[in-house]
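Letter by letter, the chains look like this.
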Amino acid sequence: MVSVSFISTLPTLLPVAPLPSSHTSSKCPIHSVRISCKIDDGGSNENSGGVRRRDILNCVGAAISMHNPSPSPFVEVANAADLIQRRQRSDFQSSIKTTLYTSIKANKELIPSILTLALNDSMTYDKATKSGGPNGSIRFSSEIGRPENKGLSAALSLVEDAKKEIDSYSKGGPISYSDLIQLSAQSALKATFLASAIRKCGGNEEKGNLLYSAYGSSGQWGLFDRQFGRSDTQEPDPEGRVPDWSKASVQEMKEKFIAIGFGPRQLAVMSAFLGPDQLATEAMLATDPDVTKWVEKYQRSRETVSETDYEVDLITTLTKMSCLGQTINYEAYSYPVKKIDFSKLKLT
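First things first, this report covers the structure right here in the doc. (Residues numbered from 1 in each chain as written. Predicted model: local features only at pLDDT ≥ 70, side-chain atom pairs only at ≥ 80, totals over all residues. Heavy atoms only, no water.)

1. Points about the overall build of the protein chain
Let me state the cut-off plainly: Think of it this way: any DSSP run of H or I at least four residues long counts as a helix, any run of E at least two long counts as a strand, and we number them from the N terminus. Partly exposed describes any residue whose relative accessible area lies between the buried limit of under 20% and the exposed limit of over 50%, with all areas from a 1.4 Å probe on protein chains only and scaled to the type maximum. Whether two residues touch is decided by their heavy atoms; if any such pair falls within 4.5 Å, the residues are in contact. Computed by Shrake-Rupley with a 1.4 Å probe, the accessible areas treat only the displayed protein chains as cover when residues are assessed.
Helix and strand content of the protein chain: 13 helices and 2 strands. Within the protein chain, the proportion of its 348 residues that are buried is 45%. A fraction of 75% describes how many contacts in the protein chain between residues 6 or more apart in sequence connect residues 24 or more apart. Carbon and sulfur atoms make up 55% of the accessible area of the protein chain, which amounts to about 18,800 Å² in all.

Structure below.
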């Protein structure tokens, strides 16, 4: 979290016309104002790219408007451009989610592989060198063919097919593999959350959808959705950074999670990412005294109506994991708006 303060003296940097003498004894005294603008840095220390230009403009605009009821044209243009970019990115992301929802619904058997694909793309992150991470490197044949990625080719093919469709309607350039892989994991997780709600309703899809809408975690994805604008690497990440989860001991898993800044709690909540059989994975994790209490906590949570502890902690962990080593471009996928020459319009 970055805090930027603008004192009421800031507008004096702008040219100010002298007031007429009749206004020198105004009945409306001017009070000193302090405006504090808190700017979210994305919720991850690994993703601290500094204060963004448009956040500064927004704060400056707020400070100026306290002194001048008529906003500066510069501030109006800056704010309008920011709103347009946000709308463009939001609309594009909504379309992506629709494409992924359709693809995953038709290939539900690939959900575990999609989750592991996102995990393994992120687990190449090296905290010491700040290299690797969710950068789309797993798309390269030399990396997807490694032993730890065995069985993930079909999930990658689904992502590649979705990318072709998404790129065909994108107005702001092709979507990065790094973004799409993590968004695919989000869609796959949502599918598991919804499936659980439907099971709790005896298989009734309508009631399950209502249950998930009323008590589910759909409102917890805000920060994840904002981390949209990851960059793709142009080469595979180094070998030996990702364990083969099917063969790794719990101790090896813990060490890897600790190495990227996580711990036993995050290892337990991400059990669905570690293999095709979540319950079997949790049974193995529960043999470790550091992990077992968290496994039991999340298993109890999944038996509740809302699954709050499990779903919220899982979303929080995925959000952090999906940005390791990345500097998010918050203007990605935006595009110029065609200007209208009003002088050429004919009124009839």
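Having seen the model, we can carry on.
2. Brief notes about the packing of helix H3 (residues 111-122) against helix H5 (residues 153-169)
The cut-off we apply is this: Every angle, taken between N-to-C directions, lies between 0 and 180 degrees, and every axis is a line fitted to C-alpha atoms, over only the stretch in contact when it is a helix. Orientation is classified from the angle alone, with under 35 degrees giving roughly parallel, over 145 giving roughly antiparallel, 65 to 115 giving roughly perpendicular, and any other angle giving oblique. Ten residues, namely Ala, Val, Leu, Ile, Met, Phe, Trp, Tyr, Cys and Pro, are considered nonpolar, four, namely Asp, Glu, Lys and Arg, are considered charged, and the remaining ones, Gly among them, are considered polar.
The geometry of H3 relative to H5 is characterised by a closest axis approach of 8 Å and an angle of 85° between their N-to-C directions. With respect to their mutual orientation, H3 and H5 come out roughly perpendicular. From H3, Ser113, Ile114 and Leu117 reach across to H5, where they touch Ala155, Leu156, Leu158 and Val159. Of the residues that constitute the contact of H3 with H5, the class distribution is 6 nonpolar, 1 polar and no charged.

3. Focus on the packing of aromatic side chains
Rules: Note on aromatic pairs: the rings of Phe, Tyr and Trp (six-membered ring only in Trp) are paired at centre separations within 6.5 Å, and the planes decide the class, stacked below 30 degrees, edge-to-face beyond 60, tilted for the rest. The rule for a charge over a ring is simple: NZ of Lys or CZ of Arg within 6 Å of the ring centre, and within 35 degrees of the ring normal.
Scanning the entire structure with this criterion turns up 9 aromatic pairs. Measuring from ring centre to ring centre gives 5.3 Å for Trp221 and Phe224, while their planes differ by 80°; the resulting arrangement is edge-to-face. Among the residues examined, Trp221 registers a relative accessible area of 1% and is labelled buried. Ring centres of Phe228 and Tyr333 lie 4.8 Å apart, and the angle between their planes is 35°; on these two criteria the pair is classed as tilted. Of this pair, Phe228 sits in the loop between helix H8 (222-226) and helix H9 (250-259) while Tyr333 sits in the segment after helix H13 (308-321), placing them 105 residues apart in sequence. A relative accessible area of 7% means that Tyr333 is categorised as buried. The structure contains a cluster of three or more aromatic residues connected by ring pairs, namely Phe92, Tyr169, Phe228 and Tyr333. Positioned above the aromatic ring of Phe224 is the side chain of Arg230, whose terminal nitrogen or guanidinium carbon lies 5.8 Å from the ring centre.

4. Quick look at the pattern of salt bridges
Charged atoms that come close allow side chains of opposite charge to pair. Note the following rule: We define a salt bridge as a side-chain nitrogen of Lys or Arg found within 4 Å of a carboxyl oxygen belonging to Asp or Glu.
Under the criterion given, the structure shown has 11 salt bridges. Where Lys163 meets Asp167, a salt bridge forms, and the shortest distance between an N and an O atom there is 2.7 Å. Of the two residues, Lys163 and Asp167 are both situated in helix H5; the distance of 4 residues between them amounts to about one turn of the helix. Judged by its relative accessible area of 25%, Asp167 falls in the partly exposed class. Of the charged contacts in the structure, one is a salt bridge between Arg265 and Asp313, with a shortest N-O distance of 2.9 Å. Here the residue Arg265 occupies a position in helix H10 (residues 264-269), and Asp313 occupies one in helix H13, the gap between them amounting to 48 residues.

5. Some thoughts on the nonpolar core
Selection criterion: Take the buried Ala, Val, Leu, Ile, Met, Phe, Trp, Tyr and Cys residues and link them wherever side-chain atoms come within 4.5 Å; each set so joined is a nonpolar core.
Formed by 67 residues in total, the largest nonpolar core has its most connected members in Ile96, Leu117 and Ile175. Ranked by the residues each element gives to this core, the list is headed by helix H6 (residues 177-200), at 11 residues. Ignoring any residue separated from it by four or fewer positions in sequence, one finds Ile175 in contact with Phe92, Ile96, Lys163, Ile166, Asp167, Leu180, Leu183, Phe228 and Tyr333.

6. A short note on the layout of surface pockets
Quick note on the threshold: Think of a 1 Å grid over the protein atoms and nothing else: a 1.4 Å probe that fits but is trapped marks a cavity, an open set flanked by protein within 12 Å on at least five of seven lines marks a pocket, and residues with an atom within 4 Å of a point count as lining. Grid points are joined across faces, edges and corners, and a volume is the space filled by probe spheres set on the points.
Space inside the largest pocket adds up to approximately 1,000 Å³. Contributing to the lining of the largest pocket are 36 residues, with Ala191, Thr192, Phe193, Leu194 and Ala195 lying nearest its centre. Of all the secondary-structure elements, those providing two or more residues to the lining of the largest pocket are helix H2 (73-105), H3, H6, helix H7 (205-215), helix H11 (278-285) and helix H12 (289-302). Here the element with the most residues in the lining of the largest pocket is H6; it accounts for 12 residues. Partitioning the lining of the largest pocket into residue classes produces 16 nonpolar, 9 polar and 11 charged.

7. Comments concerning empty space enclosed by the protein
In this approach, a probe sized like a water molecule rolls over the atoms, and the result shows the empty space that is left. Overall, the coordinates contain 2 cavities of 30 Å³ or more when judged by the stated rule. The volume enclosed by the largest cavity comes to roughly 50 Å³. Lining the largest cavity are Phe193, Ser196, Ala197, Lys200, Leu211, Tyr212, Gly216, Val305, Ser306, Glu307 and Glu311. Mapped onto the lining of the largest cavity, the elements with two or more residues apiece are H6 and H7. The dominant element in the lining of the largest cavity, judged by the number of residues it contributes, is H6, at 4 residues. Of the residues assigned to the lining of the largest cavity, the class counts are 5 nonpolar, 3 polar and 3 charged.

8. A closer look at the environment of Thr281
Here Thr281 is to be found in helix H11. The class for Thr281 is buried, based on a relative accessible area of 9%. Placed 35 residues apart in sequence, Thr281 and Ser246 show a C-alpha to C-alpha distance of 9.1 Å. Excluding residues that lie within four positions of it along the chain, Thr281 makes contacts with Ser271, Leu274 and Gly275.

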